[in-house]
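Structure assessment
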Amino acid sequence: MSADRSVPPTGRDTDRVRIGAVYPQIELGGDPRAVRRFGTAVEDLGFDYLLAYDHVLGAVHADRTPPLTGPYTEHDPFHDPFVMFAFLAGITERIGFSTGVLILPQRQTALVARQAADVDLLSGGRLRLGVGVGWSPVEYEALGQAFRTRGARQEEQIQLLRQLFTEPVVDFSGRFDRVDRAALTPQPSRAIPIWLGGATKAAFERAVRLADGFIFFGATGIDTAVESWQELRERVHAAGRPVEDFGAEYVVLSQGADAVSTEIAAWRAAGGTHAAVATMGFGLNTVEAHIDYLTTIADTLNLT
């Protein structure tokens, strides 16, 4: 299978913005046939990659102290990104796969390394690992991890993941993980790119030190995303890192081909490298309706 056109690993490509599609897990309701249909359609329409959100569990929001701050409840379906991507790797040839974002600190680091390495190997080097810290303490508790230390744990995990991806034997002693002279075998064929997502100053600071790129979500609009990206670029440069080797993704939440095209053009002008088009929340209740919408977007952007 050929590698994703979003490679090189940092995602930086001066020719064009790589265009992806977000898997609309809410409306497609856990239907395995929809996974196959949507994934193959994204490839056929000329998109570069498929991005998937992540939650292991949805929780009841009522009567919580402190309240849960995120948008998802016990009614909202999610597929595990690694499992879904491994399935789609077997029935596609070209599209890349990106987690946007995997809630890393609630998972076992070595297991994430194994799962990510296998998806990357089985897909021919098409995985980009976007990670974040999440917002649900219920999920953390159910998975046996501490919510309060999630930021610090993520930092350590990224370091350990990079070692597991590249070193023949790892001997690692950290605050949260211990690997006693052990190996990830087989390793991925490359160091899987690790991007961060979020909207806080802490996330930006962490990305400057640790990440290959950053994912900006479009809830606050393209102007805010561009402003934040310019700030992050300045931080990357000040840290002595080549800005051209640092990727920037914008998740487009606006509806309609004209709005999407306008926002992607602005993102390209700002030096962004990736843009993922969302279809969720637009009242599209069948997989064919989502595909029809993406067809209009692909035609407008001349993807095929």
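Owing to the predicted nature of the structure, the values given are computational and were not obtained by experimental measurement.

Within the protein chain, the secondary structure is distributed over 10 helices and 10 strands. The C-alpha atoms of the protein chain give a radius of gyration of 18 Å, which matches the 19 Å a tight globule of 304 residues would have. Along the longest, intermediate and shortest principal axes, the C-alpha atoms of the protein chain span 50 × 45 × 40 Å. For the protein chain, buried positions account for 52% of its 304 residues. Taking as baseline every contact in the protein chain between residues at least 6 positions apart, the subset at least 24 positions apart corresponds to 74%. Of the roughly 12900 Å² of accessible surface on the protein chain, a fraction of 53% belongs to carbon and sulfur atoms.

Now for the packing of helix 8 (residues 222–238) against helix 9 (residues 257–269). In contact at an axis separation of 10 Å, helix 8 and helix 9 are set at 15 degrees when each is read in the N-to-C sense. Here helix 8 lies roughly parallel to helix 9, going by the angle between them. Judged by the twist between their axes, the crossing of helix 8 over helix 9 is right-handed. Side by side, helix 8 and helix 9 meet where Ile222, Ala225, Val226 and Trp229 of the first sit next to Glu263, Ala266 and Trp267 of the second. In terms of residue class, the contact of helix 8 with helix 9 is made up of 6 nonpolar, no polar and 1 charged.

With that out of the way, let us pick up the environment of Arg128. Relative to the assigned elements, Arg128 resides in strand 4 (residues 127–132). Given a relative accessible area of 3%, Arg128 falls into the buried group. Once you skip the residues sitting within four places of it in the chain, Arg128 turns out to touch Tyr49, Phe97, Ser98, Thr99, Pro193, Trp195, Glu249 and His274.

Our focus in this paragraph is the environment of Gln163. Topologically, Gln163 is positioned in helix 6 (residues 150–166). Residues Gln163 and Phe87, 76 residues apart in the sequence, show an inter-C-alpha distance of 27 Å. With residues near it in sequence (within four places) discarded, Gln163 still touches Val170, Phe172 and Gln187.

In this section: the side chain of Asp120. Residue placement: Asp120 occurs in helix 4 (residues 109–123). On the basis of relative accessibility, which here comes to 1%, the residue Asp120 falls in the buried class. A polar atom in the side chain of Asp120 sits 3.4 Å from the backbone nitrogen of Arg126. With sequence-adjacent residues up to four places away left out, Asp120 is seen in contact with Gly125, Arg126, Leu127, Pro188, Ser189, Arg190 and Ile192.

Next up on the list: a nonpolar patch on the surface. Taken together, Val56, Leu57 and Leu143 make up a surface patch of nonpolar side chains, about 220 Å² in accessible area. Note that Val56 resides in the loop between strand 2 (49–52) and helix 3 (81–89). On the basis of relative accessible area, Val56 is assigned to the partly exposed category, the value being 40%.

With that settled, the discussion passes to the confidence of the model for the protein chain. On average, residues of the protein chain score 94 in pLDDT, and 95% of them are at 70 or above. Contacts from residues 1–14, a stretch scored under 50 in pLDDT, to residues over four places away or in other chains number 53 contacts.

Rules and cut-offs
- Residues numbered from 1 in each chain as written.
- Predicted model: local features only at pLDDT ≥ 70, side-chain atom pairs only at ≥ 80, totals over all residues.
- Heavy atoms only, no water.
- Helix = DSSP H or I, 4+ residues; strand = E, 2+ residues; numbered from the N terminus.
- Rg over C-alpha atoms; globule rule 2.2 N^0.38 Å.
- Buried < 20%, exposed > 50% of the residue type's maximum accessible area, 1.4 Å probe, protein only.
- Contact = heavy atoms within 4.5 Å.
- Areas by Shrake-Rupley, 256 points an atom, 1.4 Å probe, with all protein chains shown as cover.
- Axes fitted to C-alpha atoms, helices over the stretch in contact; angles between N-to-C directions.
- Parallel < 35°, antiparallel > 145°, perpendicular 65-115°, else oblique.
- Left-handed = near helix turned anticlockwise from the far one by under 90°.
- Nonpolar A, V, L, I, M, F, W, Y, C, P; charged D, E, K, R; others polar.
- Polar contact = N/O pair within 3.5 Å; in protein donor to acceptor, adjacent residues only side chain to side chain.
- Patch = residues over 30% accessible without salt bridge, like charges linked within 9 Å, V, L, I, M, F, W, Y side chains within 5 Å.
- Salt bridge = Lys/Arg side-chain N within 4 Å of Asp/Glu carboxyl O.
- pLDDT = per-residue confidence, 0-100.

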